[in-house]
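# Analysis of the macromolecular model
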Amino acid sequence: MREKRTYRYAAAFLLLFGLTLLFLILNGCIGSVGIPLSEIGRILFGRSADETAARILWDIRLPRAAADLILGGALALAGYLLQTFFHNPIAGPFVLGISSGAKMAVALVMIFFLGRSARVTSASLILAAFAGAMLSMGFVLLMSRRVKGMSMLVVSGVMIGYICSAVTDLVVTFADDADIVNLHNWSQGSFSGMTWENVRVMAVVVAAASLAVFFLSKPLSAYQLGDAYARNMGVNIRLLRALLVILSSFLSACIVAYAGPISFVGIATPHLVKGLLGSAKPILMIPACFLGGSVFCLFCDLLARTLMAPTELSISTVTAIFGAPVVLWVMAKRRKGTD
């Protein structure tokens, strides 16, 4: 029995690694200008004579694919932390309004800086998004103490999200036309326009947060079995909850700062990964969720920029198509279990 589980875990991780590599290659090859796989190999090793293809790959497609990988993994991990914290299978940054709060703060900062012809730094965007995410998280935590049941918590989060989105729309309405153009694609969720500088910053931030989450795998295992059990195992519940709030908000902030709010990845991916592994152990779920989120975003972003080419779809449109049915299935399964 133990050997079967080991083989299943190994097969699941091999599948996730394989899909990640496959979609990285497809994101490099497919686009308005097709680049053969053999040409990509020559470009990567500096042996290509096609300067146009090399520039497209190095300056546009590879940074975007790297952002898909990093931010997709961070989004799935944030969703897993929120689901663990609330013991709620459909908790996630987008549904609970945390992404909307981060979006509101980033929009305010962007308009403030752009209106004064000042440069918006990555650090300022991440800090603004973190402040907005923590603000929304504070309201969600307050509501979670006053409402009972999964549905009411979700409704509260949706309402908080609508309020933050309304404030964002109001601010954008009074912004300059140039600022509105810059904000529009970002506010709908998009990985376009990524640079290697963006990738370096998000890689450092997400790697640090993800490593901290991985070190929490043992107390998280105890926390999943209930507060009383975790206390008996020596877990500081208050500290653990504070770390879950901070880390999930920090990961959500990094995503919104660069790619805007992206729906359903944080909710759907942990459930898909859990079904693939056949286990809820945090030491397995944490790396698997990260890989699963990367695969999800690489796949959806590929569809977003190629399905209606030359028009690019919002990635949230594509993630909703694939993620929403998973959420409906989880809700129906949970409802069936309570009947």
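The notes below deal with the structure included here. Just so you know, the residues in each chain are numbered from 1, in the order the chain's sequence is written. In view of the model being predicted, local features appear only for residues whose pLDDT reaches at least 70, and side-chain atom pairs are presented and counted only at 80 or more, with totals across whole chains, interfaces and linings using the full set of residues. Side-chain calculation: all heavy atoms of the structure are included, whereas hydrogens and water are not.

### Side note on the packing of helix 1 (residues 2-29) against helix 3 (residues 51-86)
Running from N to C, helix 1 and helix 3 cross one another at 150°; their axes reach a closest spacing of 9 Å. Classified by the angle between their axes, helix 1 and helix 3 sit roughly antiparallel to one another. Relative to helix 3, helix 1 is oriented so that their crossing is right-handed. Of helix 3, the residues touching helix 1 (which contributes T20, L24, N27, G28 and C29) are L57, R61, A65, D68 and L69. Considering only residue class, the contact of helix 1 with helix 3 consists of 5 nonpolar, 3 polar and 2 charged. Between the N-to-C directions of two axes lies an angle of 0 to 180 degrees, each axis being a line fitted to C-alpha atoms and, for a helix, fitted only over the stretch in contact. Runs of E in the DSSP output that reach at least two residues are strands. Runs of H or I that reach at least four are helices, and both are numbered from the N terminus. Roughly parallel covers angles under 35 degrees, roughly antiparallel covers those over 145, roughly perpendicular covers 65 to 115, and oblique covers all other angles. Rotating anticlockwise by less than a right angle from the far helix to the near helix defines a left-handed crossing, while the corresponding clockwise rotation defines a right-handed one. We call two residues contacting when some pair of their heavy atoms lies within 4.5 Å. When residues are sorted by character, Ala, Val, Leu, Ile, Met, Phe, Trp, Tyr, Cys and Pro go into the nonpolar class, Asp, Glu, Lys and Arg into the charged class, and all the rest, Gly among them, into the polar class.

### A closer look at the pattern of salt bridges
Opposite charge on two side chains allows them to pair when their charged atoms are near. Within this document, salt bridges are pairs made up of a side-chain nitrogen of Lys or Arg and a carboxyl oxygen of Asp or Glu, the two lying within 4 Å of each other. Using the criterion set out here, one finds 5 salt bridges in the structure. For R42, the salt bridge is made with E39, and the minimal N-O distance between the two is 2.7 Å. With R42 and E39 both in helix 2 (residues 37-44) and 3 residues apart, the pair spans about one turn of that helix. We call a residue buried when its accessible area falls under 20% of the maximum for its residue type, exposed when it is over 50%, and partly exposed in between, using a 1.4 Å probe and counting protein chains only. Under the relative-accessibility criterion, R42 is labelled partly exposed at 37%. Using a relative accessible area of 12% as the deciding quantity, one classes E39 as buried. Here R64 and E312 are joined by a salt bridge, their closest N and O atoms 2.7 Å apart. With a gap of 248 residues between them, R64 in helix 3 and E312 in the loop between helix 13 (282-306) and helix 14 (315-338) connect regions that are remote in the sequence. Residues joined by salt bridges that share partners form a network here, namely R64, D301 and E312.

### Side note on the nonpolar core
Definition of nonpolar core: a set of buried residues of the types Ala, Val, Leu, Ile, Met, Phe, Trp, Tyr and Cys, connected through side-chain atoms within 4.5 Å. Among the nonpolar cores identified, the biggest contains 88 residues, and L71, F86, F191 and L277 are the most heavily contacted of them. When neighbours within four sequence positions are excluded, F86 is seen to be in contact with A91, L96, M137, V140, L141, S144 and L153. Within the second largest apolar cluster, 8 residues are counted, among which are I35, I40, A54 and I56.

### Structural notes on unusual backbone geometry
We note that H87 has phi near 50°; this positive angle belongs to a residue other than glycine. Take H87: it is sitting in the loop between helix 3 and helix 4 (98-115). Classification of H87 by relative accessible area gives partly exposed; the value is 44%. At F264, a position not held by glycine, the phi torsion is positive, near 70°.

### As for the side chain of R64
Residue R64 is classed as buried on the basis of its relative accessible area of 9%. Beyond its immediate chain neighbours, meaning those up to four positions away, R64 contacts F191, S192, M194, D301, R305 and E312.

### Brief notes about helix 2
Along helix 2, the residues classified as buried are E39, I40 and I43. For helix 2, the arc enclosing every buried residue in end-on projection is 105°, short of the 170-degree limit, so these residues lie on one face. Packed against the buried residues of helix 2 are helix 1 and helix 3. A positive backbone phi angle near 70° is found at G46, which sits one or two residues after helix 2. The reported arc concerns the directions from the helix axis to the C-beta atoms and nothing else.

### Side note on the state of the cysteines
Each disulfide consists of a covalent bond between the sulfur atoms of two cysteine residues. Note on terminology: disulfide denotes any pair of cysteine sulfur atoms within 2.5 Å. Overall, the coordinates contain 0 disulfides when judged by the stated rule. The cysteine C29 is free of any disulfide, with C300 supplying the nearest cysteine sulfur at 19 Å. Given the relative accessible area of 14%, C29 is considered buried. No disulfide involves C164; its sulfur sits 19 Å from the nearest other cysteine sulfur, which is in C254.

### Considerations on the packing of aromatic side chains
The rule is short: rings of Phe, Tyr and Trp, with Trp giving its six-membered ring, pair when the centres are within 6.5 Å, and they are stacked under 30 degrees, edge-to-face over 60, tilted in between. According to the stated counting rule, one finds 5 aromatic pairs in the structure shown. Aromatic pair F85 and F86: ring centres 4.8 Å apart, planes at 85°, arrangement edge-to-face. A single burial state applies to F85 and to F86, both of which are buried. Geometrically, the ring pair formed by F130 and F250 is edge-to-face, given 5.6 Å between the ring centres and 80° between the ring planes. With a gap of 120 residues between them, F130 in helix 5 (residues 122-146) and F250 in helix 11 (residues 237-259) connect regions that are remote in the sequence. Residue classification places F130 among the partly exposed residues on the basis of a relative accessible area of 22%. A relative accessible area of 27% means that F250 is categorised as partly exposed. Aromatic rings pair up to connect F23, F299 and F322 into one cluster.

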